[in-house]
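Chain by chain, the residues run as shown.
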Amino acid sequence: GRPARPRRELVSSRAPGNCCRHSASPRVRVLQWNVLAQALGEGKDGFVRCPPDALDWRERKYLILEEILTHRPDVVCLQEVDHYHDTFLPVLGSLGYRGSFLPKPRSPCLDVEPNNGPDGCALFYSRERFSPTATDHLRLSAMMLPTNQVAIVQSLRCRATGRGLCVAVTHLKARSGWERMRSAQGADLLRRLRAITSRAAASEADGAAEIPLLVCGDFNAEPSEDVYRRFLASSLGLDSAYRLLSADGLTEPPYTTWKIRPSGESRGTLDYIWYSRESLSVETLLDIPGEEQIGPDRLPSYHYPSDHLSLLCDVSFRELPHRLM
Ligand code: NDP
Ligand code: CA
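Every value quoted in this text rests on a predicted model; they were computed, and no experiment measured them. (Residues numbered from 1 in each chain as written. Chains lettered and ligands numbered in written order. Predicted model: local features only at pLDDT ≥ 70, side-chain atom pairs only at ≥ 80, totals over all residues. Heavy atoms only, no water.)

Caption draft 1: A look at the overall build of the protein. Looking only at helices and strands, the protein features six helices and 15 strands. Against the 2.2 N^0.38 benchmark of 20 Å for 325 residues, the protein shows a C-alpha radius of gyration of 19 Å, consistent with a compact globule. Taken along the three principal axes of its C-alpha coordinates, the protein extends 60 × 45 × 40 Å. When each of the 325 residues of the protein is scored for burial, the buried share is 56%. Residue pairs at least 24 apart in sequence account for 75% of intrachain contacts in the protein once pairs closer than 6 positions are excluded. For the protein, the exposed area adds up to about 14,400 Å²; of that, 53% sits on carbon and sulfur atoms. (Helix = DSSP H or I, 4+ residues; strand = E, 2+ residues; numbered from the N terminus. Rg over C-alpha atoms; globule rule 2.2 N^0.38 Å. Buried < 20%, exposed > 50% of the residue type's maximum accessible area, 1.4 Å probe, protein only. Contact = heavy atoms within 4.5 Å. Areas by Shrake-Rupley, 256 points an atom, 1.4 Å probe, with all protein chains shown as cover.)

And the structure:
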């Protein structure tokens, strides 16, 4: 038999004051995950050390769904989804989620035979926790030109507290040599998030509330890249949740993806959960498995169904500053 799957633990964030703060607001659990498109995993990626049956969709889909359902996130943000209509929507839809899917305009999955249609981004949220206020499907631009990358922006209202929340999912252009394209796509996404959140704020009851934002994605960019700095410095006041797993609270994890292709081993920090630092606080994070847990053949494997690790955190709404009515 196969050895038991190593458990990933939920750990407290290193946010200042997190240990002694008792948050009154209910937490929002958010999951970010590039689940590896089935067509790309079998037909394009060349994961030479991954056992072929670990890539068999009939088995792999249960590992992906198990990981999602183990944690029961309130918001699920996925990239490389090429089984939305036949798997994710029917399963998650029957378990209390509402979803939306946006395929890439020209998905590389379509170059693989057989394929199950284009891959794209998918966003699910708990119908019990949230009511929808708007859904924006975006095709990202770079230098005024439309690109092959997309984003979904879902505006929500928390049923319990009445507070607004905006969640976005994206998957930026891959590969080295495309850093400027990623930076431009990131700038476009930030610009459009600014427009969407100010539209949403204008329709809030008090007319002036800041709408908290969560932006999840496979940015295909290390923290040293321009697009990362752009997000950190943006006027939206975003910070990256997984920095709060490190001892100094400022360092990203050493990797969020790790695989072996014919060209060699590739390990990198490419995936992020960005959150509004003024209006949300990160309470807990799902830890990153160590090298021994990942194993010598890296990802994907019988234990980890994608070449990317899932990221998961609990955030709570900060107290609203008192306002004159
Ligand atoms: P990207 O370059 O963004 O990459 C697409 C996928 O390939 C990603 O999911 C990425 O995964 C994965 N990937 C990254 N590195 C590698 C690698 N070394 N080996 C295998 N897969 C990798 O895709 P685009 O959206 O820009 O489309 C690229 C492809 O799509 C083209 O090569 C072409 O086949 C096709 N295309 C065709 C067009 C046409 O008009 N004919 C137009 C546009 C695209 P991850 O994010 O996990 O790294
Ligand atoms: Ca991929």
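Caption draft 2: Structural context of the site of ligand 1. Around ligand 1 lies a shell of 19 residues, among which Glu80, Asp111, Asn148, His171 and Lys173 are the nearest. Within the side chain of Asp45, one N or O atom sits 3.4 Å away from a nitrogen atom of ligand 1. Among the detected pockets, ligand 1 sits in the largest pocket. Of the residues assigned to the shell around ligand 1, the class counts are three nonpolar, six polar and ten charged. (Near = heavy atom within 4 Å. Polar contact = N/O pair within 3.5 Å; in protein donor to acceptor, adjacent residues only side chain to side chain. 1 Å grid on protein atoms, 1.4 Å probe; cavity = no way out; pocket = protein on both sides within 12 Å on 5 of 7 lines; lining within 4 Å. Sits in = over half its atoms within 2 Å of the grid points. Nonpolar A, V, L, I, M, F, W, Y, C, P; charged D, E, K, R; others polar.)

Caption draft 3: Molecular detail of the packing of aromatic side chains. Going through the model one piece at a time under the given rule, you end up with eleven aromatic pairs. Where Trp57 meets Phe88, the ring centres are 6.4 Å apart and the plane angle is 55°; that geometry is what we call tilted. Of this pair, Trp57 sits in helix H2 (residues 57-71) while Phe88 sits in helix H3 (residues 84-93), placing them 31 residues apart in sequence. Just as Trp57 is buried, Phe88 falls in that class too. Look at Phe219 and Trp274: their rings are 6.4 Å apart centre to centre, the planes differ by 55°, and that puts the pair in the tilted class. With Phe219 in the loop between strand S9 (213-218) and helix H5 (226-233) and Trp274 in strand S13 (residues 271-276), this pair connects stretches of sequence that are 55 residues apart. In this structure, Phe219 and Trp274 share a single accessibility class: buried. An aromatic cluster is present here, built from Phe219, Tyr228, Phe231, Tyr272 and Trp274 joined pairwise through their rings. Over the ring of Trp178 we find Lys173; its NZ or CZ atom is 4.5 Å from the centre of that ring. One Lys or Arg, Arg267, reaches over the ring of Trp258 and ends 5.0 Å from the middle of that ring. (Phe/Tyr/Trp six-rings, centres within 6.5 Å; stacked < 30°, edge-to-face > 60°. Lys NZ or Arg CZ within 6 Å of the ring centre and 35° of its normal.)

Caption draft 4: Region of interest: the coordination of the calcium ion (ligand 2). Every protein donor of the calcium ion (ligand 2) is accounted for by Glu80 (OE) and Glu80 (OE), and the metal-donor separations fall at 2.2 to 3.2 Å. Residue placement: Glu80 occurs in strand S3 (residues 75-81). (Donors = N, O, S within 2.8 Å, 3.2 Å for Na, K, Ca; no water.)

Caption draft 5: Just the sheet that holds S9, in detail. In space, the six strands of this open sheet follow the order S6-S7-S8-S9-S13-S10, with mixed pairing throughout. Either end of the sheet is taken by a strand with one partner, and the two such strands are strand S6 (130-142) and strand S10 (238-240). For this sheet, the mean inter-axis angle between neighbouring strands, taken without regard to orientation, is 20°. Relative to S13, S10 is paired through three bridges, and the arrangement is antiparallel. (Pairing = 2+ DSSP bridges. Axes fitted to C-alpha atoms, helices over the stretch in contact; angles between N-to-C directions.)

Caption draft 6: Seen up close, unusual backbone geometry. Cis rather than trans, the peptide bond between Glu113 and Pro114 has omega equal to 0°. One can find Pro114 in the loop between strand S4 (97-103) and strand S5 (120-126). For Arg72, which is not a glycine, the phi torsion comes out positive at approximately 45°. Tracing the backbone shows Arg72 in the loop between H2 and S3. Even without being a glycine, Met144 presents a positive backbone phi close to 75°.

Caption draft 7: Seen up close, H5. Val227, Tyr228 and Phe231 are the residues of H5 that are buried. When H5 is viewed along its axis, its buried side chains cluster within an angular range of 105° and face the same direction. Against helix H4 (179-202), S9, S10 and S13 lie the buried residues of H5. (Arc of directions from axis to C-beta.)

Caption draft 8: Focus on the nonpolar core. If you look at the biggest cluster of nonpolar residues, it comprises 57 residues, and the most contacted ones within it are Ile68, Leu78, Phe88, Phe124, Leu214 and Ile273. Filtering out sequence-adjacent residues up to four positions away, Ile68 remains in contact with Leu31, Trp33, Pro73, Val76, Leu78, Phe88 and Leu92. (Core = buried A, V, L, I, M, F, W, Y, C linked by side-chain atoms within 4.5 Å.)

Caption draft 9: Molecular detail of the sheet that holds strand S14 (residues 280-286). Taken together, the seven strands give an open sheet; going across it, the order is S1-S14-S15-S2-S3-S5-S4, and neighbouring strands pair in mixed fashion. Strands at the two margins of the open sheet, each flanked by one partner only, are strand S1 (10-12) and S4. Taking each pair of neighbouring strands and ignoring which way they run, the sheet shows an average axis angle of 25°. Here S4 runs beside S5; their pairing, made up of seven bridges, is antiparallel. Its bridge partner being in S5, Arg98 is matched across the sheet by Tyr125. Across the sheet, H2 is in contact with strand S2 (28-34), S3, S14 and strand S15 (311-317); its angle to S2 comes to roughly 165°. Contacting S3, S4 and S5, H3 runs over the sheet at an angle of about 160° to S4.

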